[in-house]
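Coordinate analysis (summary)
Okay, here's what each chain looks like letter by letter:
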Amino acid sequence: MRAVYPGSFDPFTPGHVNVVSRARALFDEVVVLVAVNSIKHPGSDEEARAAAVRAVLPVEWTSVTVAAWSGLTATYCRLREAGVIVRGVRNTTDLRAEYQLAAMNQSLGVPTVFLPAQPELAAVSSTAVRTLGAWRAE
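A short tour of the structure in this document, coming up. This is a predicted model, so every value here is computed, not measured.

We now examine helix H4 (residues 92-107). Between its terminal C-alpha atoms H4 stretches 22 Å, which fits the 22 Å expected from 16 residues at 1.5 Å a residue. Turning to H4, its buried residues number three or more, namely Asp-94, Glu-98, Ala-102 and Asn-105. A distance of 3.1 Å separates the backbone nitrogen of Thr-93 from a side-chain oxygen at the start of H4, and that oxygen is part of Asn-91. Positive backbone phi, approximately 95°, marks Gly-109, located one or two places after H4.

A complete count under the given rule lists three salt bridges for this structure. The residue Arg-2 makes a salt bridge to Glu-29 at a minimum N-O spacing of 3.0 Å. Note that Arg-2 is positioned in strand E1 (residues 2-7) and Glu-29 in strand E2 (residues 29-35), a separation of 27 residues in sequence. Assessed through its relative accessible area of 27%, Arg-2 is described here as partly exposed.

Calculation notes
- Residues numbered from 1 in each chain as written.
- Predicted model: local features only at pLDDT ≥ 70, side-chain atom pairs only at ≥ 80, totals over all residues.
- Heavy atoms only, no water.
- Helix = DSSP H or I, 4+ residues; strand = E, 2+ residues; numbered from the N terminus.
- Expected span 1.5 Å × (residues − 1).
- Buried < 20%, exposed > 50% of the residue type's maximum accessible area, 1.4 Å probe, protein only.
- Polar contact = N/O pair within 3.5 Å; in protein donor to acceptor, adjacent residues only side chain to side chain.
- Salt bridge = Lys/Arg side-chain N within 4 Å of Asp/Glu carboxyl O.

Structure, rendered in structure tokens:
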């Protein structure tokens, strides 16, 4: 089964790598879908973020591909015959928000599998990494 792991990935964190690693053990193929989120304002476009994700993933992970997408994740899944969406959750706040998205995607015909964050990675968010990176750059 093909799984899709969508996100804005601005930037792609060790937690994201961990979710991909665990998802590839569960599914035949994993597509890391670098998506456009109108609520978020990433530092680069989706193609640049997709290239950054590709650069981080181990080359021997041949069952993992990276794609950029600007539509609904469920639409991508239907077009690419992906049977499930994978989402990582760090805490109950994440779970509440992700549950709403999962319900919407389920109504569009694509179920979601949640993978809880490894405890040592639960505090790492893209926002924190961006903020720390900007602070270090000053």
